[in-house]
Amino acid sequence: MSSGLKRRMSRAFIDIGANLTDGMFRGVYNGTERHVDDMESVLSRAIEAGVMKIMVTAGTLDQSREALDFVKDNSMLVSTVGVHPTRANELKGDVNAHLDLLSGLIREGGDKVVAIGECGLDYDRTHFCSIEQQKIGYEAQFLLAERFKLPLFLHNRNTGGDFVKMTSENRGRFTSGVVHSFTGSMEELNELLDLGLYIGINGCSLKTEENINVASAVPLDRIMLETDSPYCEIRPSHAGFSHVRSKWPAKDKKKFELGSCVKGRCEPCHIRCVAEVVAAARGISEDELCKAAFNNTMKVFFPAESLDMGDCPYHTYISAGCSKEP
């Protein structure tokens, strides 16, 4: 990464969910190379936008290995290790042997691994993996959380109460967790809050007025922010788009220009847009929202560092970021 970059330290962010190993960040879209690898530019824009940490999410054993390799030499990057519900077929056969392989990665990664996941249930995409096998995969990963005392990075889509039921039955086996990319109902939100879980909000959480009303109801002491990049861009058709103020030059992938964003490809820098929409919808300042989300994330995923920083890690990072280069 180029030196001399300065963070825009009026705000500080932790992106709890970014798929930075996705081929789009290497210029590959649906198997076709459209432009050069621009990861350095992506991370530079994140730094300049005030992003202090990025959690690189994984959904298979191989992705977990790739994510760990990607984050190992960059102090702002950490990763998850786990199996996405749509990829739970890889846990068929000898489940314990597969868990041992995942455990080996967690041990190898050390403090670079901050969560188990992405795990959970997804009934919108059972063509990838059956409900029965998804449940087997989700149940198995509670053992990893229990074994390593790590929080969960959770996925829940249209599960008709099964996700809440399984999570409730196993709640004593994991320390904490966040249900990322939340798009559920007010009733579902309250069920998850009752389990002591945190709620991750990104562009997909802000598509409709109903989405925004639910996102606005997340207590400040339970909210986290994310991009789920390269997905979940806040689009002009989304209900909250009028609140977006931060913009970056963007080119179509076929007319790529190094230094510009790619149209339709979300990036960690776009977490600023998520914050702008959520704060406006709630009628609070962006600083109040960002402070809450940052401190919640530090508490759950970086507990030792959070304790060292006292009551408000957010303000500690703001002060440090104004005087230091990354």
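Residues numbered from 1 in each chain as written. Predicted model: local features only at pLDDT ≥ 70, side-chain atom pairs only at ≥ 80, totals over all residues. Heavy atoms only, no water.

1. Remarks on helix 5 (residues 162-169)
Right, so step 1: Those residues of helix 5 that fall on the buried side of the exposure criterion are Phe163, Val164, Met166 and Thr167.
Right, so step 2: For helix 5, the elements touching its buried residues are strand 6 (113-122), helix 4 (131-148), strand 7 (152-157), strand 8 (177-179) and helix 6 (186-194). (Buried < 20%, exposed > 50% of the residue type's maximum accessible area, 1.4 Å probe, protein only. Helix = DSSP H or I, 4+ residues; strand = E, 2+ residues; numbered from the N terminus. Contact = heavy atoms within 4.5 Å.)

2. What to know about the confidence of the model for the chain
Right, so step 1: Across the chain, pLDDT averages 94, with 95% of residues at or above 70.
Right, so step 2: Confidence over residues 1-5 falls short of pLDDT 50; this stretch has 13 contacts with residues more than four positions distant or in other chains.
Right, so step 3: Throughout residues 322-326 the model reports pLDDT below 50, and contacts reaching past four residues in sequence, or to other chains, amount to seven contacts. (pLDDT = per-residue confidence, 0-100.)

3. A look at the state of the cysteines
Two cysteines, two sulfur atoms, one covalent bond between them: this is a disulfide.
Right, so step 1: The full count for this structure, using the stated rule, is one disulfide.
Right, so step 2: The disulfide partner of Cys204 is Cys232, and the gap between their sulfur atoms is 2.3 Å. Residues Cys204 and Cys232 are joined by a disulfide whose S-S torsion is about -100°; by sign, that bridge is left-handed. Residue Cys204 is located in the loop between strand 9 (198-201) and helix 7 (209-216), and its partner Cys232 is located in the loop between strand 10 (223-225) and strand 11 (250-251); the two are separated by 28 residues in the primary sequence. Here Cys204 and Cys232 have matching classes, each one buried.
Right, so step 3: Of all cysteine sulfurs in the structure, the one in Cys273 sits closest to Cys290, which takes part in no disulfide; the separation is 12 Å.
Right, so step 4: On the basis of relative accessible area, Cys290 is assigned to the buried category, the value being 2%. (Disulfide = S-S within 2.5 Å.)

4. Details of the packing of helix 3 (residues 95-109) against helix 4
Right, so step 1: Where helix 3 contacts helix 4, the two axes come as close as 11 Å, and the packing angle between them is 40°. Accordingly, the angle class assigned to the pair helix 3 and helix 4 is oblique. Crossing geometry of helix 3 relative to helix 4 is assigned as right-handed. Touching Val95, Leu99, Asp100, Leu102, Ser103, Ile106 and Arg107 of helix 3 are Ile136, Ala140, Leu143, Leu144, Arg147 and Phe148, all from helix 4.
Right, so step 2: When its residues are assigned to classes, the contact of helix 3 with helix 4 shows nine nonpolar, one polar and three charged. (Axes fitted to C-alpha atoms, helices over the stretch in contact; angles between N-to-C directions. Parallel < 35°, antiparallel > 145°, perpendicular 65-115°, else oblique. Left-handed = near helix turned anticlockwise from the far one by under 90°. Nonpolar A, V, L, I, M, F, W, Y, C, P; charged D, E, K, R; others polar.)

5. Here's the deal with the sheet that holds strand 9
Right, so step 1: What the eight strands build is an open sheet, ordered 1-4-5-6-7-8-9-10; its pairing is parallel. Each end of this open sheet is capped by a strand with a single partner; those strands are strand 1 (13-18) and strand 10. Direction aside, neighbouring strands of the sheet carry axes that sit 30° apart on average.
Right, so step 2: As paired elements, strand 6 and strand 7 share six bridges and run parallel to each other. Following the sheet pairing, Cys119 is matched in strand 7 by Leu154. (Pairing = 2+ DSSP bridges.)

6. Description of the side chain of Asn170
Right, so step 1: Mapped onto the secondary structure, Asn170 falls in the loop between helix 5 and strand 8.
Right, so step 2: Of the polar contacts made by the side chain of Asn170, one reaches the backbone oxygen of Met166; its length is 2.8 Å.
Right, so step 3: Not counting residues within four places of it along the chain, the set of residues in contact with Asn170 comprises Glu139 and Phe142. (Polar contact = N/O pair within 3.5 Å; in protein donor to acceptor, adjacent residues only side chain to side chain.)

7. A few points about the packing of helix 8 (residues 271-282) against helix 9 (residues 286-301)
Right, so step 1: Following both chains from N to C, one finds helix 8 and helix 9 inclined at 115°, their axes separated by 9 Å at the closest point. For helix 8 against helix 9, the interelement crossing comes out right-handed. Between helix 8 and helix 9, the residues in contact are Ala275, Glu276, Val278 and Ala279 and Glu286, Leu289 and Cys290, respectively.
Right, so step 2: Looking at side-chain class alone, the contact of helix 8 with helix 9 contains five nonpolar, no polar and two charged residues.

8. Concerning the packing of aromatic side chains
Right, so step 1: Under the criterion given, the structure shown has five aromatic pairs.
Right, so step 2: Ring geometry for Tyr138 and Phe142: centres 4.6 Å apart, planes at 45°, overall tilted. Of this pair, Tyr138 and Phe142 are both found in helix 4, four residues apart, which corresponds to roughly one turn of the helix.
Right, so step 3: Seen in terms of ring centroids, Tyr138 and Phe163 are 5.6 Å apart; in terms of plane orientation they differ by 5°. Their pairing is stacked. Of this pair, Tyr138 sits in helix 4 while Phe163 sits in helix 5, and the two are 25 residues apart along the sequence.
Right, so step 4: An aromatic cluster is present here, built from Tyr138, Phe142, Phe163 and Phe174 joined pairwise through their rings.
Right, so step 5: The lysine or arginine in question, Lys53, covers the ring of Phe302, its NZ or CZ lying 4.6 Å from the ring centre.
Right, so step 6: The aromatic ring of Phe128 is capped on one face by Arg87, whose charged end is 5.1 Å from the ring centroid. (Phe/Tyr/Trp six-rings, centres within 6.5 Å; stacked < 30°, edge-to-face > 60°. Lys NZ or Arg CZ within 6 Å of the ring centre and 35° of its normal.)

9. Digging into the pairing of strand 1
Right, so step 1: Counted residue by residue, strand 1 has six buried out of six residues, so it is predominantly covered.
Right, so step 2: Two strands pair when backbone bridges link them, and strand 1 and strand 4 (residues 51-56) are joined in this way by four bridges, in the parallel orientation. Across the sheet, Asp15 pairs through a bridge with Ile54, a residue of strand 4.

10. Describing the pairing of strand 9
Right, so step 1: Along strand 9, one buried face is formed by Tyr198 and Gly200 and the opposite face, lined by Ile199 and Ile201, is buried too.
Right, so step 2: The sheet contact formed by strand 8 and strand 9 spans two bridges and is parallel. Opposite Val179, over in strand 9, you have Ile199 as the bridge partner.
Right, so step 3: Crossover handedness for the path strand 8 to helix 6 to strand 9: right-handed.
Right, so step 4: Judged from the three bridges that link them, strand 9 and strand 10 form a sheet pairing that is parallel. Residue Ile201 lies in a different strand from strand 10, and its bridge partner there is Leu225.
Right, so step 5: The β-α-β motif built from strand 9, the intervening helix 7 and the parallel element strand 10 has right-handed crossover chirality. (Right-handed = clockwise from strand over helix to strand, strands pointing away.)

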